Amino acid sequence: MIELRSVTIQAGDFRLRDISLDVESGRYAVLMGRTGQGKTTLLESICGLRKVLKGQILIDGDDVTRWSPGSREIGFVPQDLALFPTLTVYQHLEFALRLRRVARDEILTRVMDLAQTLSISHLLDRSIQGLSGGESQRVAIGRALSFRPRVLLLDEPLSALDQATRHEMYALLRNVQKATGVTTLHITHNQEDADALADDLLTLQTHGVIPQER
C-alpha cells in the first residue's frame with residue numbers, strides 16, 4: 001500500500017503542496033497529469049530521491065518519510081530507464097540482488113524466473129547496447145522487480161515506444177503485476193495507457209490528487 005498524507009515537496013522554484021493519495025495493496029494505479037505538473041517529482045519523493053518539506057509517506061503502513069532510498073524496498077523504473085551500458089541483461093537482473101548479498105544460487109533462480117516472466121531469457125548474455133525499446137523496458141522492469149519490492153513505481157515507461165510495442169507492453173505489465181501482486185503506481189499523460197492498465201485512475205491537479213471513476 002502507498003499512502004501520502006498532506007505531502008509538500010520543493011523542487012527548485014516548483015512546489016507541490018499538501019498532496020494526499022492512497023493506492024491499496026495489490027492494485028495497479030495510474031496517475032495522470034499534464035507535463036510539468038510534478039508527477040515525476042512525486043515519484044522521486046516516494047522513492048526517497050527527493051526530500052519532502054512536510055507530510056508523511058507510508059509504505060505498507062510504515063512511515064518511510066525519512067528512510068534512505070535503499071531501505072524503502074521500492075522498485076523504480078525512471079523514464080530514461082537508467083540502464084548501465086557496460087552490463088549484460090543478466091547483470092542488470094542480478095544487480096539489486098548482489099547489493100543485498102543474496103546467495104548465488106538464489107540469484108540464479110530469481111534471474112531465470114524473471115527472464116522467463118518477461119520473455120527475455122534469450123537476451124541474458126546480451127549487452128543492452130542494441131536492444132529494442134521494448135526489450136530495454138523489460139530489462140528495466142526486471143531489474144526493478146528482482147528483489148521483490150513492496151511497491152513498483154513506473155515513470156512514463158511507455159512514452160518512447162511505437163504503437164505495436166506499446167500494446168505488447170500493456171499485456172506484459174498486467175501479467176507481471178498479476179503474477180507478482182506488487183502494488184504499482186504508474187505515471188503517464190497518455191489516456192490510452194490509463195485505459196489499458198489502471199485498476200485505479202488518479203489525476204494530479206494543482207489542488208491535489210483526484211480519484212477518477214473507472
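To be clear, the structure that these remarks concern was listed above.
About the criteria used
Residues numbered from 1 in each chain as written. Predicted model: local features only at pLDDT ≥ 70, side-chain atom pairs only at ≥ 80, totals over all residues. Heavy atoms only, no water. Helix = DSSP H or I, 4+ residues; strand = E, 2+ residues; numbered from the N terminus. Rg over C-alpha atoms; globule rule 2.2 N^0.38 Å. Buried < 20%, exposed > 50% of the residue type's maximum accessible area, 1.4 Å probe, protein only. Axes fitted to C-alpha atoms, helices over the stretch in contact; angles between N-to-C directions. Parallel < 35°, antiparallel > 145°, perpendicular 65-115°, else oblique. Left-handed = near helix turned anticlockwise from the far one by under 90°. Contact = heavy atoms within 4.5 Å. Nonpolar A, V, L, I, M, F, W, Y, C, P; charged D, E, K, R; others polar. Lys, Arg positive; Asp, Glu negative; His and termini not counted. Salt bridge = Lys/Arg side-chain N within 4 Å of Asp/Glu carboxyl O. Polar contact = N/O pair within 3.5 Å; in protein donor to acceptor, adjacent residues only side chain to side chain. Pairing = 2+ DSSP bridges.

## Digging into the overall build of the chain
Point 1. On a plain count of helices and strands, the chain comes out with six helices and ten strands.
Point 2. Over its C-alpha trace the chain gives a radius of gyration of 17 Å, about what one expects of a compact globule, namely 17 Å for 214 residues.
Point 3. With respect to the principal axes defined by its C-alpha atoms, the chain has extents near 50 × 40 × 30 Å.
Point 4. Out of the 214 residues in the chain, the part that is buried amounts to 50%.

## Things to note about the packing of helix H2 (residues 89-99) against helix H3 (residues 104-117)
Point 1. Orientation of H2 relative to H3, taken along the N-to-C sense of each, is 135 degrees, at an axis distance of 10 Å. What the angle tells us is that H2 and H3 run oblique. Between H2 and H3 the crossing geometry is right-handed. The segment H2 lies against H3, with Tyr90, Leu93, Glu94, Leu97 and Arg98 engaging Ile107, Leu108, Arg110, Val111 and Ala115.

## With respect to helix H1 (residues 39-47)
Point 1. Summarising burial for H1: eight of the nine residues are buried, a large majority.
Point 2. Among the residues of H1, those classed as buried are Lys39, Thr41, Leu42, Leu43, Glu44, Ser45, Ile46 and Cys47.
Point 3. Just downstream of H1, Gly48 is the residue with a positive phi angle, here 95 degrees.

## Considerations on the packing of H2 against helix H4 (residues 133-145)
Point 1. With their axes 7 Å apart at the nearest point, H2 and H4 run at an angle of 25 degrees to one another. In terms of their interaxial angle, H2 and H4 are classed as roughly parallel. Judged by the sense of rotation from one axis to the other, the crossing of H2 with H4 is right-handed. Contacts between H2 and H4 involve Val89, His92, Leu93 and Ala96 from the first element and Val139, Gly142 and Arg143 from the second.
Point 2. Among the residues forming the contact of H2 with H4, the class breakdown is four nonpolar, two polar and one charged.

## Regarding the side chain of Asp155
Point 1. With respect to the helices and strands, the residue Asp155 is situated in strand E7 (residues 151-155).
Point 2. Buried charge Asp155 goes without a salt bridge, the closest partner of opposite sign being Lys39 at 7.0 Å.
Point 3. There is a polar contact of 2.9 Å between the side chain of Asp155 and the side chain of Thr40.
Point 4. Not counting residues within four places of it along the chain, the set of residues in contact with Asp155 comprises Thr40, Leu43, Phe76, Val77, Pro78, Gln79 and Ile187.

## Thoughts on the sheet that holds strand E3 (residues 28-32)
Point 1. Taken in spatial order, the six strands line up as E6-E7-E8-E3-E9-E10 in an open sheet, and their pairing is mixed. Edge positions in the sheet fall to strand E6 (74-77) and strand E10 (208-212), since each has one partner strand and no second. Shown here is a sheet whose adjacent strand axes are inclined to one another by a mean of 20 degrees, direction ignored.
Point 2. Sheet topology places E3 next to strand E9 (residues 200-205); four bridges connect them, and they run parallel. The residue of E9 that forms the bridge with Leu31 is Leu202.
Point 3. Packing of helix H5 (residues 163-180) onto the sheet brings it into contact with E3, E7 and strand E8 (183-188), and relative to E3 it is tilted by some 135 degrees.

None of the figures reported here should be taken as evidence of function without further support.
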